[in-house]
Amino acid sequence: MAAIINVNGRITDEAGAVVSVMDHGFLYGEGVYEAMRSYGRRLFLFDRHLARMRRSAAGIQLPFPWSDSEIAARVAETMAVMERDVLRAADATENYARILLTRGIGELNYDVDACPRPTLVIIVKPHTPHPAERFTRGVKITVAPMIRNHPGSVDPAIKSNNLLNNVLAAQFARRAGAFEAVLNNYRGELAECSRTNLFVVRHGEARTPPLDAGLLPGITRAFVLEIGASAGVPAREAVLTDEDLFAADEVFLTGTTTEVMPVVRIDDHIVGEGTPGPAARHLLQEYRRRAALGA
Ligand code: PMP
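Reading the values: rules and limits
- The residue numbering used here restarts from 1 in each chain and proceeds along that chain's sequence as written.
- Only residues with pLDDT of at least 70 get local features here, since the model is predicted, and only at 80 or more are side-chain atom pairs given and counted; chain-wide, interface and lining totals rely on the full set of residues.
- Side-chain calculation: all heavy atoms of the structure are included, whereas hydrogens and water are not.
- A run of DSSP states H or I qualifies as a helix once it reaches four residues; a run of E qualifies as a strand once it reaches two. Both are numbered from the N-terminal end.
- Two residues qualify as a contact provided that any one of their heavy atoms is within 4.5 Å of a heavy atom in the partner residue.
- In protein, a polar contact means a hydrogen-donor-capable atom and an acceptor-capable atom, both N or O and within 3.5 Å, with residues adjacent in sequence counting only if both atoms are side-chain atoms; elsewhere, any N or O pair within 3.5 Å suffices.
- We call a residue near a given molecule or strand whenever any one of its heavy atoms falls within 4 Å of it.
- Accessible surface area values rest on a Shrake-Rupley calculation with a 1.4 Å probe, where residue burial reflects the displayed protein chains alone.
- The classification used treats Ala, Val, Leu, Ile, Met, Phe, Trp, Tyr, Cys and Pro as nonpolar, Asp, Glu, Lys and Arg as charged, and all other residues, Gly among them, as polar.
- DSSP calls a pair of strands paired once it identifies at least 2 bridges connecting them.
- In what follows, salt bridge is the name for a side-chain nitrogen of Lys or Arg lying within 4 Å of a carboxyl oxygen of Asp or Glu.
- Only protein chains enter the accessibility calculation, which uses a 1.4 Å probe; a residue whose area is less than 20% of its type maximum is buried, one above 50% is exposed, and one in between is partly exposed.
- In this scheme Phe, Tyr and Trp rings, the latter by its six-membered ring, pair at centre separations within 6.5 Å, and the angle between planes marks the pair as stacked below 30 degrees, edge-to-face above 60, and tilted otherwise.
- Both a distance and an angle decide whether a charge sits over a ring: NZ of Lys or CZ of Arg must be within 6 Å of the ring centre and within 35 degrees of the ring normal.
- Under the convention used throughout, the expected extent of a helix is 1.5 Å for every residue step, that is, one less than its residue count.

1. Topic: the environment of asparagine 6
No. 1: Within the secondary structure, asparagine 6 sits in strand E1 (residues 4-7).
No. 2: For asparagine 6 and isoleucine 123, which are 117 residues apart along the polypeptide, the C-alpha to C-alpha distance reads 6.5 Å.
No. 3: The contacts of asparagine 6, once residues within four sequence positions are left out, are Ile11, Arg74, Thr78, Leu120, Val121 and Ile122.
No. 4: Polar contacts involving the side chain of asparagine 6 include one to the side chain of threonine 78, which spans 3.1 Å.

This is the structure:
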C-alpha cells in the first residue's frame, strides 16, 4: 500500500522519496531505525521508541541533533499527509511509521567528518494487521542454524540497519514454512527471533531471555514484562535454552506489529495442546486493552 515519506523534512509519495547513493547508510549500513504502529491513530509507546532510537544512535556514534518534540512534529506532519491523501482511500484505520537515521552523505571512505549532516527519513504507511488466524490458531516457528550477533560485534541491543543476520534467519524460516526463526546466542542460549522477542510459559509463568543474552530490548517485550502480573501471567527474565523451549506449556512472540502471538509448533514439535494457551490469550487481550487506552 502507498507510503508517504519524509526525507530531511521534504514530504513526498514513494516515487519522490530519494536518498543519495553516497549516503553512508547505503554504502556502509551506518544507520539506526524504529518501527511503530498506531492504535486509535496515536502511535503507541512513541516516547519509548524514541528513547531506544537515541540509545541506538549513540551506540554507533551517530549524532541525533533533534529534540523529541521536533521529531514528534515531523512524524505528525507526515502522518497528517498520510491520513489526508491515503488512509481514507485505502480504507485502513491505523498507521505504521518507521523512522530511520543514517550517517548522511560523505566520501567513499569511513571518514565521519566528511559526513556533515545525518539523513532523517520517516516512512508512514497504512498499518496492515496480521490475519486474525495467526492469533486465534497460533503460528509455527523453527530454530535457525545461524546465531544472534555476538554483543562484542554489532550489539543486537542496537536497532541498526545492519539486518543481514536477521534477514538470513527470516529467509531460513520462510523456507521452513515457519512464521519466525529462533536464534540462539554464541553461548548456546536462547536469544530472540529474527524480528520478534521470544517468551516461554511453564506452570503459568512467562520467561524471556535477559538482555545480557544479546538481543534487542523490545518495547513490546518490556511492556509485557510490566503488565504480565495484571493479566494473571507473572513474567520475568531468565536464561533459557532449547530445552526450555521444547518443554514449554506455551510459547509466544512479541513485537510492535506482532503484538503477542501464540506459537503452536516448533518444526514438528507440538507446543502444549497445539492451540494457543491461556497465558498468551490473556496477555494479548491485556496488551490490546492498554494499547487502545494509549499506555
Ligand atoms: N527483535 C528484533 C530483532 C526486532 O527487529 C524486533 C522488531 N523491532 C523485535 C525484537 C521486537 O521489538 P519491538 O517490540 O520493539 O517491536
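2. Description of the site of the ligand
No. 1: In the region of the ligand, 17 residues are neighbours, and Lys159, Glu192, Ile219, Thr220 and Thr256 sit closest.
No. 2: Glutamate 192 is positioned with one of its side-chain polar atoms (N or O) 2.6 Å from a nitrogen atom of the ligand.
No. 3: Within the backbone of isoleucine 219, one N or O atom sits 2.8 Å away from an oxygen atom of the ligand.
No. 4: Across the complex, the protein chains shield 93% of the 390 Å² of accessible surface that the ligand would expose by itself.
No. 5: Sorting the residues of the shell around the ligand by element identifies strand E9 (190-193), helix H6 (219-227) and strand E13 (250-255) as the ones contributing at least two each.
No. 6: By residue class, the composition of the shell around the ligand is 3 nonpolar, 9 polar and 5 charged.

3. Structural notes on the side chain of arginine 52
No. 1: Looking at the element boundaries, arginine 52 is found in helix H2 (residues 46-59).
No. 2: A polar atom in the side chain of arginine 52 sits 2.7 Å from the side chain of glutamate 34.

4. Let's talk about the sheet that holds E1
No. 1: If you walk across this open sheet you meet the 6 strands as E2-E1-E6-E5-E3-E4, and the pairing is antiparallel. If you trace the sheet from one side to the other, it starts and ends with strand E2 (10-13) and strand E4 (42-43), each paired once.
No. 2: Bridge count between strand E5 (residues 95-102) and strand E6 (residues 119-126): 8 bridges; the pairing is antiparallel. When the bridges of E6 are listed, isoleucine 99 appears paired with isoleucine 122.

5. Points about the environment of valine 143
No. 1: With respect to the helices, strands and loops of the structure, valine 143 is situated in strand E7 (residues 139-143).
No. 2: In the structure, valine 143 is positioned 141 residues away from leucine 284 in sequence and 24 Å away in space, judged by C-alpha atoms.
No. 3: Valine 143 has contacts with Phe172, Val182, Asn184, Leu245, Phe246, Ile266 and Asp267, leaving out every residue within four places of it along the chain.

6. Remarks on the pattern of salt bridges
Charged atoms that come close allow side chains of opposite charge to pair.
No. 1: In the structure shown here, the tally under the stated rule is 18 salt bridges.
No. 2: A salt bridge links glutamate 34 to arginine 52; the nearest nitrogen and oxygen atoms lie 2.7 Å apart. Within this pair, whereas glutamate 34 is found in strand E3 (residues 31-39), its partner arginine 52 is found in helix H2, the two being separated by 18 residues in sequence. Each of the two residues, glutamate 34 as well as arginine 52, counts as buried.
No. 3: With a closest N to O distance of 3.8 Å, arginine 41 and glutamate 83 form a salt bridge. Here arginine 41, found in the loop between E3 and E4, pairs with glutamate 83, found in helix H3 (residues 68-90); they are 42 residues apart in sequence, far enough to count as distant.
No. 4: By relative accessible area, which is 35% here, arginine 41 ends up partly exposed.
No. 5: Beyond isolated ion pairs, a larger network of salt bridges with shared partners links Arg37, Glu259 and Arg288.

7. Structural notes on the packing of aromatic side chains
No. 1: Counted under the stated rule, the structure contains 7 aromatic pairs.
No. 2: For the pair phenylalanine 44 and tyrosine 287, a centre-to-centre distance of 5.7 Å together with 80° between the ring planes defines the contact as edge-to-face. A residue pair is termed long-range when its members are at least 10 positions apart, and phenylalanine 44 in the loop between E4 and H2 and tyrosine 287 in helix H8 (residues 278-293) qualify at 243 residues. Across the pair, exposure class does not vary: phenylalanine 44 and tyrosine 287 are buried alike.
No. 3: An aromatic cluster of three or more residues is present, and its members are Tyr39, Phe44, Phe223 and Tyr287.
No. 4: Lying over the aromatic face of tyrosine 39, arginine 37 brings its terminal NZ or CZ to 3.6 Å of the ring centre.
No. 5: Above the face of the phenylalanine 179 ring, arginine 195 is positioned so that its terminal group lies 4.9 Å from the ring centre.

8. A few points about helix H5 (residues 164-175)
No. 1: The first and last C-alpha atoms of H5 sit 16 Å apart over 12 residues, in line with the 16 Å expected at 1.5 Å per residue.
No. 2: Where H5 is buried, its residues touch E7 and strand E8 (180-184).

9. As for unusual backbone geometry
No. 1: One non-glycine residue, leucine 45, lies in positive phi territory at about 55°.
No. 2: Along the chain, the position of leucine 45 falls in the loop between E4 and H2.
No. 3: Classification of leucine 45 by relative accessible area gives buried; the value is 12%.
No. 4: Unusually for a residue other than glycine, glutamine 61 sits at a positive phi of about 50°.
No. 5: Secondary-structure assignment places glutamine 61 in the loop between H2 and H3.
No. 6: What makes glutamine 61 exposed here is its relative accessible area of 62%.

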